[in-house]
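Each chain is listed here by its residues.
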Amino acid sequence: MPQPTSHHPDQPRPGLDPALQQALDDLADATGRPPEALARDAVARYLEEAGAPVRAAAGRLAVAHAELLRRLGE
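Model, not experiment: these values are computed from the prediction.

Reading the values: rules and limits
Residues numbered from 1 in each chain as written. Predicted model: local features only at pLDDT ≥ 70, side-chain atom pairs only at ≥ 80, totals over all residues. Heavy atoms only, no water. Helix = DSSP H or I, 4+ residues; strand = E, 2+ residues; numbered from the N terminus. Buried < 20%, exposed > 50% of the residue type's maximum accessible area, 1.4 Å probe, protein only. Areas by Shrake-Rupley, 256 points an atom, 1.4 Å probe, with all protein chains shown as cover. Salt bridge = Lys/Arg side-chain N within 4 Å of Asp/Glu carboxyl O. pLDDT = per-residue confidence, 0-100. Expected span 1.5 Å × (residues − 1). Arc of directions from axis to C-beta. Contact = heavy atoms within 4.5 Å. Polar contact = N/O pair within 3.5 Å; in protein donor to acceptor, adjacent residues only side chain to side chain.

Asks: Requested: an account of the overall build of the chain, with residues and values cited.
Replies: On a plain count of helices and strands, the chain comes out with three helices and zero strands. Listing each helix as α and each strand as β along the chain from the N terminus yields α-α-α. Across the 74 residues of the chain, 14% fall into the buried class. With an accessible surface of roughly 6,100 Å², the chain has 64% of that area assigned to carbon and sulfur atoms.

Structure follows, in structure tokens:
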């Protein structure tokens with residue numbers, strides 16, 4: 001995986017409005033962590049949380065339709 005490049009605080013980050021960018025920069029300054037690391041952690045947490053109900057629904061569908069899925073796989 002490519003290493004993140006450092007970001008100058010005066011350069012806008014793609015996809016972040018100025019208020020989010022400022023909040024991210026402030027948190028990075030306060031924690032001593034790079035903004036990119038904070039953003040990666042936030043995205044990973046969001047994907048885990050948002051994906052949990054989707055995975056649960058997929059599991060329920062797989063159980064409910066196990067016989068059909070088995071027959072389709074033959």
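Asks: Pulling in residues and values, what's your account of the pattern of salt bridges?
Replies: Enumeration according to the criterion identifies three salt bridges in this entry. Of the charged contacts, one joins Glu48 and Arg55 as a salt bridge, the two residues approaching to 3.0 Å between their closest N and O atoms. Accessibility expressed as a relative area gives 45% for Arg55, which makes it partly exposed. When the shortest N-O distance is used, the salt bridge between Glu67 and Arg70 registers 2.5 Å. A residue pair is termed a helical-turn pair when its members lie 3 or 4 positions apart in one helix, as Glu67 and Arg70 do in helix α3 (residues 66-72) at three residues.

Asks: Got a sec to walk through the confidence of the model for the chain? Specific residues and values, please.
Replies: When pLDDT is averaged across the chain, the result is 87; 82% of the residues are at 70 or more. Across the chain, helix α1 (residues 18-31) holds the top mean pLDDT of 96, while α3 sits lowest at 91.

Asks: Tell me what's going on with α1, and back it up with residues and numbers.
Replies: Its 14 residues place the ends of α1 20 Å apart at the C-alpha level, agreeing with the 20 Å of an ideal helix rising 1.5 Å per residue. Taken as a whole, α1 has its buried residues at Gln21, Leu24, Asp25 and Ala28. End-on view of α1: buried residues confined to an arc of 100°, all on one side of the axis. Exposed residues on α1 whose side chains face more than 90 degrees from its buried face are Ala19 and Ala30. In this structure, the buried residues of α1 make contact with α2 (35-64). Looking at where α1 begins, the residue whose side-chain oxygen comes 3.0 Å from the main-chain nitrogen of Ala19 is Asp17. Once α1 ends, the next one or two residues include Gly32, with phi positive near 75°.

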